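Here is how the chains run, residue by residue.
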Amino acid sequence: MALLLRTLAVIGTAACLLLPPTEAHADFAGGQPWGLEFGFGWGRTRSSEYIRTLEDFSYQRDSRTDFRASFALSRRLVNYFELLFQFNSLDDQSFERSAGIGFDDTFKFSTLTFGIHGRTWFPTPNDRFRAYAQFGVGPSVAVTRLRTRLAANEDRTEFRDSQWFYSVTSLLGIEGMPSEHVGLFLNGGYIYAPVPENRFGQRHNGGGGLVIVGVTARFGKTP
Amino acid sequence: MTRSLAPALVALSLLLTGAADCELDVVADPGFQFWCGEELCEWDRTEGNIARVPTWHDHDYAVELLGSPVELSQPFTTSVYGCILIELTADAEPEALVTLAIDQDVDGVAEWVAAVDQRGFQRMSWRLDVEVSGDGTDTHPASRMIIRKDGEGRAVLSQLRVSKRCDGRPEFNEL
């Protein structure tokens, strides 16, 4: 994590040094200031004390999705720098446990993050391609759902909860604009989103490593 | 011919469905989660006091054994003649002097006793070769699983899975 952050800092500094601050020009996609991005891909988080505690309490993993999705709205502020409001869907797992009369206790959690990101990119000979580094912070939320029997009958009681904490995102990516307004991107990196948390104070990182591919749209009047 | 094929077909279906890896809880309410007021519905409290307490989740409950002595027990629900796997998740201080026992013939003398001194809701397990009766009658009552606390320390029990399960090569403790 520290190495990744250091690498991003070096890349960002290099990008700034290569660009004269007074030079204003169309640095990507004709300088269109607004962007929309939608992507999906793969991600995986490591196991944790939180998961091991579930297993100690006899829960067995029923499903786990490696699917990841992201959505972002971006606004170019200055040359080679834009701000994004980005949403990511992250870890989603479900567990089940026998209460002695079948597999009838279930526990599920889903993790989401959204936040403000900064993105800087390298100068390229033409403005149809870029390689970028991105860093963001914001809240993360885990929605949990426990369905459990409190008596030896058919009824199960459901308890829903939302747990909020912070998230930190670092990504490296490439993006190409074959047409004026539509392009493709590929990015990958790491998201730290330490939710959910149990009563013992153990947290699960609902983020982890991820790789996203998607489409991007640029629009708006060139300043 | 049909009759001679039937057992083979049953055995084949068991293998295909995985049922041959026998796994069956042989105590009721292994999670101490069925409460009838202040008492556990499926466990008999013969001494002391108990309380329902939350564990890793506000609504995932366990039983705390309060004070000393405390004893909970219940008859086995199924007869077992072979190996069983006992798994217990507990937060028990050594000074609580918690024991888990099996009284095979219900004569008040436990044939198997194990100390429970695991802190922090870690899981303990034992593999046993047993002959316990789960279909008790008035003259031959069912064998009993007994939980006992004889000290003043904290003791919370969350999961007591006792299953007919024979995966791998168990290290048997003969009763």
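Residues numbered from 1 in each chain as written. Chains lettered and ligands numbered in written order. Predicted model: local features only at pLDDT ≥ 70, side-chain atom pairs only at ≥ 80, totals over all residues.

Enquirer: Got a minute to help me understand the overall build of chain B in this structure?
Expert: Secondary structure assignment for chain B yields one helix and eleven strands. Ordered by position in the sequence, the α and β elements of chain B form the string α-β-β-β-β-β-β-β-β-β-β-β. Across the 175 residues of chain B, 33% fall into the buried class. If you take every contact in chain B between residues at least 6 apart in sequence, the share linking residues at least 24 apart comes to 73%. (Helix = DSSP H or I, 4+ residues; strand = E, 2+ residues; numbered from the N terminus. Buried ≥ 20, exposed ≤ 12 C-beta atoms within 10 Å, placed from the backbone. Contact = placed C-beta atoms within 7 Å.)

Enquirer: Looking at this structure, how should I read the overall build of chain A?
Expert: Of regular secondary structure, chain A possesses two helices and nine strands. Start at the N end of chain A and walk to the C end: the helices and strands fall as α-β-α-β-β-β-β-β-β-β-β. Across the 223 residues that make up chain A, the buried fraction comes to 36%. Counting contacts in chain A only where the partners sit at least 6 residues apart, residues at least 24 apart contribute 68% of the total.

Enquirer: Looking at this model, I keep getting lost on the pairing of strand 5 (residues 80-92) of chain B. Mind explaining?
Expert: The side chains of a regular strand alternate between both faces of the sheet. All names here are of chain B. Pairing of strand 5 with strand 8 (residues 122-132), which is carried by eleven bridges, proceeds in the antiparallel orientation. Bridge pairing links A90 to Q122 in strand 8. The pairing of strand 5 with strand 10 (residues 155-163) spans eight bridges and is classified as antiparallel. By the bridge assignment for strand 10, L85 is matched with S163. (Pairing = 2+ DSSP bridges.)

Enquirer: Help me out: how do you make sense of the interface of chain B and chain A in this one?
Expert: Across the contact, 23 residues belong to chain B and 17 residues belong to chain A. At the level of elements, strand 8 and strand 10 of chain B are the ones that each hand at least two residues to the side of chain B that touches chain A. In the side of chain B that touches chain A, the residues fall into eight nonpolar, nine polar and six charged. (Nonpolar A, V, L, I, M, F, W, Y, C, P; charged D, E, K, R; others polar.)

Enquirer: Which parts of the structure should I look at to understand unusual backbone geometry?
Expert: Most peptide bonds take the trans configuration, and most residues that are not glycine carry a negative phi. Cis geometry is adopted by the peptide bond preceding P196(A), which originates at V195(A) and carries an omega value of 10 degrees. Checked against the element boundaries, P196(A) lands in the loop between strand 8 (182-192) and strand 9 (208-219). In this structure, the amide linkage connecting S68(B) to the following residue, P69(B), adopts the cis form with an omega of -5 degrees. Even without glycine at this site, Y80(A) takes up a positive phi of about 60 degrees. Position of Y80(A) among the secondary structure elements: in the loop between strand 3 (67-78) and strand 4 (81-98).

Enquirer: Explain the environment of V132(B) here, please?
Expert: All names here are of chain B. Along the polypeptide, V132 turns up in strand 8. With 25 C-beta atoms packed within 10 Å, V132 lands in the buried category. The contact partners of V132, leaving out residues within four places of it in the chain, are F76, S79, V80, I102, Q104 and S143.

Enquirer: How should the pairing of strand 3 of chain A be read in this particular structure?
Expert: Residues and elements named next belong to chain A. Here nine bridges tie strand 1 (residues 34-44) to strand 3, and the two strands are oriented antiparallel to one another. When the bridges of strand 3 are listed, F38 appears paired with F71. As defined by bridge partners, strand 3 adjoins strand 4 across nine bridges and the pair is classed as antiparallel. Considered in strand 4, the bridge of S74 is made with L84. Where strand 3 hands over to strand 4, the hairpin turn is made up of two residues, of which Y80 adopts a positive phi near 60 degrees.

Enquirer: Please explain the confidence of the model for chain B as it appears in this structure.
Expert: One rule of thumb: low pLDDT means the predicted coordinates there are not for detailed reading. The predicted model of chain B has a mean per-residue pLDDT of 82, with 78% of residues at 70 or higher. This model gives residues 1-22 of chain B a pLDDT under 50, and the stretch forms seven contacts once residues within four places in sequence are excluded. (pLDDT = per-residue confidence, 0-100.)

Enquirer: Is there a simple way to explain helix 2 (residues 49-56) of chain A in this structure?
Expert: Side chains three or four residues apart in an α-helix point the same way, a direct result of the helix having 3.6 residues per turn. Residues and elements named next belong to chain A. Three or more residues of helix 2 are buried, namely Y50, T53, L54 and D56. The buried side chains of helix 2 occupy one side of the element, clustering within an arc of 160 degrees when seen end-on. Among the residues trailing helix 2, S58 stands out with phi positive, at a value near 75 degrees. (Arc of directions from axis to C-beta.)

Enquirer: Help me understand the confidence of the model for chain A, please; the structure alone is not making it clear to me.
Expert: Confidence in the prediction for chain A averages 88 pLDDT; 87% of positions are at 70 or higher. Between residues 8-24 of chain A, whose pLDDT stays under 50, and residues either more than four places distant or in other chains, the model counts 16 contacts.

Enquirer: Can you walk me through the environment of R144(B) in this structure?
Expert: All names here are of chain B. Here R144 is to be found in strand 9 (residues 144-149). Residue classification places R144 among the buried positions, given that 22 C-beta atoms sit within 10 Å. Distance from R144 to V116, taken between C-alpha atoms, is 18 Å for residues 28 residues apart in sequence. Not counting the four nearest positions on each side in its chain, R144 is found in contact with S73, Q74, P75, D103 and V106.

Enquirer: Would you take a moment to explain the environment of G207(A) for this structure?
Expert: Residue position: G207(A) is located in the loop between strand 8 and strand 9. The sequence separation of G207(A) and F165(A) amounts to 42 residues, and the corresponding C-alpha distance is 12 Å.

Enquirer: Is there a simple way to think about the nonpolar core in this case?
Expert: For soluble globular proteins, nonpolar side chains are generally found buried alongside one another. Of all hydrophobic cores here, the largest spans 36 residues; its most connected members are V63(B), I84(B), L88(B), A90(B), A155(B), L157(B) and V162(B). The set of elements that each furnish at least two residues to this core consists of strand 4 (61-75), strand 5, strand 6 (98-103), strand 8, strand 9 and strand 10 of chain B. With residues up to four places along the chain from it excluded, the contact list for L88(B) reads L100(B), V116(B), R123(B), M124(B), L157(B), Q159(B) and L160(B). F109(A), V195(A), L210(A) and I212(A) belong to the second-largest nonpolar core, a separate cluster that totals nine residues. (Core = buried A, V, L, I, M, F, W, Y, C linked by C-beta atoms within 7 Å.)

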